[in-house]
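The primary structure of each chain is shown beneath.
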Amino acid sequence: MEQNSIVTISDLVKRFPVGKSFFTALNGINLTFNKGQFAGVVGPSGSGKTTLLNIIGSLDSPTVGSAIVLNEEVSKLSTKKAAVLRRKHLGFIFQTYNLLPVYTVFENIEFPLLLLNMPALERKKAVLDALEWVGLTDKIKSRPAQLSGGESQRVAIARAMVKKPELVLADEPTANLDAENSHHILQTMEKLNDELKTTFIFATHDDKVIKYLKRKIRLEDGKVVSDEIINNL
Amino acid sequence: MLAIKLAYRNLIGAGLRTWLNVFVLSLSYVLIIYFNGLMDGFNIQAKTDTIAWEIGDGVYWHKNYNAYDPFTLEEGHGIIPESLNYAVNKGTLSPILISQATIYPDGRLQSVLLKGIGTEQKVLKIPSQSLSVETEEIPALIGKRMAANTKLKKDDVVTLRWRDAQGTFDAAEIKIVNIFDSNVPTIDMGQIWIPLKEMQKMKQMPDEATIIVKSKEFNKKINDDNWVFKGHTFLLEDITKLIKTKKIGSSFFYIIIMALAMLAIFDTQVLSIFRRQKEIGTYIALGMTRSQVVGLFTVEGSFHAILAAIVGAVYGIPLLMLQAINGYPIPEGADNMGIAVGKAIYPVYGLGLVISTIIIVFLITTIVSYLPARKISKMNPTDAIKGKIQ
Ligand SMILES: Nc1ncnc2c1ncn2[C@@H]1O[C@H](COP(=O)(O)OP(=O)(O)OP(=O)(O)O)[C@@H](O)[C@H]1O
Ligand SMILES: [Mg+2]
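Residues numbered from 1 in each chain as written. Chains lettered and ligands numbered in written order. Predicted model: local features only at pLDDT ≥ 70, side-chain atom pairs only at ≥ 80, totals over all residues. Heavy atoms only, no water.

Asker: Even after reading the chapter, I still don't get the sheet that holds strand S5 (residues 72-73) of chain A, so can you show me in this structure?
Answerer: Each strand in a sheet pairs with its neighbour through backbone hydrogen bonds, running either in the same direction (parallel) or in the opposite one (antiparallel). All names here are of chain A. Reading across the sheet, the four strands line up as S2-S1-S4-S5 and stay open at both edges, with antiparallel pairing between neighbours. Both edges of this open sheet fall to strand S2 (21-34) and S5, since each of them pairs with a single strand only. Pairing analysis gives five bridges linking strand S1 (residues 5-18) to strand S4 (residues 64-69), with the strands arranged antiparallel. Each residue of the ladder has a partner; that of Ile9, found in S4, is Ala67. (Pairing = 2+ DSSP bridges. Helix = DSSP H or I, 4+ residues; strand = E, 2+ residues; numbered from the N terminus.)

Asker: Which parts of the structure should I look at to understand the site of ligand 1?
Answerer: Residues and elements named next belong to chain A. Surveying the vicinity of ligand 1 reveals 13 residues, the closest of which are Ser45, Gly46, Lys49, Thr50 and Thr51. Here an oxygen atom of ligand 1 sits 2.6 Å away from a polar atom, N or O, in the side chain of Thr50. A distance of 3.4 Å is found between an oxygen atom of ligand 1 and a side-chain nitrogen or oxygen belonging to Glu172. Protein contact buries 70% of the 630 Å² of open area that ligand 1 shows by itself. (Near = heavy atom within 4 Å. Polar contact = N/O pair within 3.5 Å; in protein donor to acceptor, adjacent residues only side chain to side chain. Areas by Shrake-Rupley, 256 points an atom, 1.4 Å probe, with all protein chains shown as cover.)

Asker: Mind showing me how you'd approach the domain arrangement of chain B here?
Answerer: Much of the literature gives interface size as the accessible area that the parts lose upon coming together. All names here are of chain B. Structurally, chain B comprises domain 1 (2-52 + 238-386) and domain 2 (59-230). For domain 1 and domain 2, the distance between their C-alpha centres works out to 51 Å. The interface is formed by 14 residues belonging to domain 1 together with 12 residues belonging to domain 2. Surface buried jointly by domain 1 and domain 2 totals about 840 Å² across both partners, of which 45% is contributed by carbon and sulfur atoms. The interface formed by domain 1 and domain 2 holds zero salt bridges in total. (Domains from an automatic or database assignment. Contact = heavy atoms within 4.5 Å. Buried area = accessible area lost by both parts, 1.4 Å probe. Salt bridge = Lys/Arg side-chain N within 4 Å of Asp/Glu carboxyl O.)

Asker: How should I be thinking about the nonpolar core in this particular structure?
Answerer: If you look at the biggest cluster of nonpolar residues, it comprises 72 residues, and the most contacted ones within it are A:Ile9, A:Phe33 and A:Ile56. It is helix H9 (residues 290-326) of chain B that contributes the most residues to this core, eight residues altogether. Those residues in contact with A:Ile9 that lie beyond four places of it in its chain are A:Ile29, A:Asn30, A:Leu31, A:Phe33, A:Leu52, A:Ile56, A:Ser66 and A:Ala67. Counting residues in each nonpolar core, the second largest holds 38 residues, with A:Tyr97, A:Leu131, A:Val155 and A:Leu213 among its members. (Core = buried A, V, L, I, M, F, W, Y, C linked by side-chain atoms within 4.5 Å. Buried < 20%, exposed > 50% of the residue type's maximum accessible area, 1.4 Å probe, protein only.)

Next comes the structure, spelled out in structure tokens:
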């Protein structure tokens, strides 16, 4: 169990300065995520889900306590080292897709591989594979503005998955999608979790997502109030 | 490499705004190259003409003569060294005797510079052969400016008065046998050219000269303390100085255009960094370092300079070529500033000028693009991802 852990969070506190005082968004979090988990952080709006994901993603650092991600202590990483960690090992999926607007679908998915200096041929193959996973082979030349919300999010998933990262962080990936699209992308991610053993951590309050989770962590006012493993066969 | 590839994609993706900036910037390329080319063309032409008409490959001044001090004419002359006679006869050296004199066109008194030149000389373009005609009067040659000034026409006869070596006044009639057209005002305005032999007799200065103009073919050095050599650097200094001043004057133009272009690019950069926060956040989330993102935006900005060079070339090359062929017309009378100016200036564009212009514009554009891009490194990525206004 221990050596399988990919994320270890201990006594984590996150405070944001608000005017002259501060606001405690996360308050004493202790969590461990193991390799291959399909886990979700759920809870009401403002409970600290995004904040937690940002810290795990090394985009933000804890005020107190530690977050160890792939054997790296997030609070001790320089911005450059953090960038390397994200580039090599992490994938992000955002509520707002965050596709690069002037790039085609192909170029968007290719982007993380460019950062890894992957050779062109290998890159092309990987992008085509990723397009296959999300079923968008026919949109290869489209630009983000020409895609529906569901298609955009599938491109974002392909972009997060193309380099086969150890960990994918997905913040409200279905918030802008209808039921059918939500199920489609969740099935896609479930399949990738199964085939590539990629660890997924979601932040969501969407019941459609919750149904797919194999571990559900409930956050309220910056505290973990429940953490359950779900065995849905 | 990656930054260049991405910057290119982003810039082309940005469309119209990019091309607008690129166009304004390309104007500054074309203007800088055009104005400098015009000045260089002017410079080359003025120097070529001055060399052809006035100074040849250099001039030996008599040791007491100074072209900038007319009072030295009195003493500034001497016997042409005998050893040079062969070169004078061959036409590779052209001795010139200079003296002050007076003419009386229509009864008015007018001071002139009287110059005696060999009728067989081949050093200067002055058509001195036309002085070897049989006339009762002394044959004389003047330039078109002098002709306009004195209202003298071909075949006119006018009284000339001078003082000989002893200081005695003497007078004779001269006849204008030819009027020449030269771009060089300094051999034209206020000057009358007569045969050297004639003038030596009139002045009672046999075998004497004030200056000796040499041609390229004459490649020996005159080692004679009475004669001091003046080379091109010295004799063309006035033109060099004038061009320098003109260049500084015209740079005002393209500095303004350049400033406009830089302002447009700076503005575009500031705006795009503000508008593209979400994109910047995404770059960082996907694993770009902040300095990579700053680099990307800087390269994007400086790419304007490269595109502008291409766009500038597309319309600039034919335009500038046309000017180089047809020349830039100079209004009549513009040459009164005492420097050789033709009827048109033909711009000359040196490779060095083009390359240095491109490098300078590129560097300035890069700096202007970098300044706003530095702001990226202070952005909070979690805010940027959401596209929050800061
Ligand atoms: N940069 C910040 N400065 C100040 N307060 C912040 C900042 N970021 C988040 N917060 C506060 O921290 C709390 C948790 O925010 P967070 O975004 O993590 O919530 P969330 O659980 O993701 O909510 P939602 O479901 O609405 O996305 C909120 O009350 C929010 O106002
Ligand atoms: Mg959130």
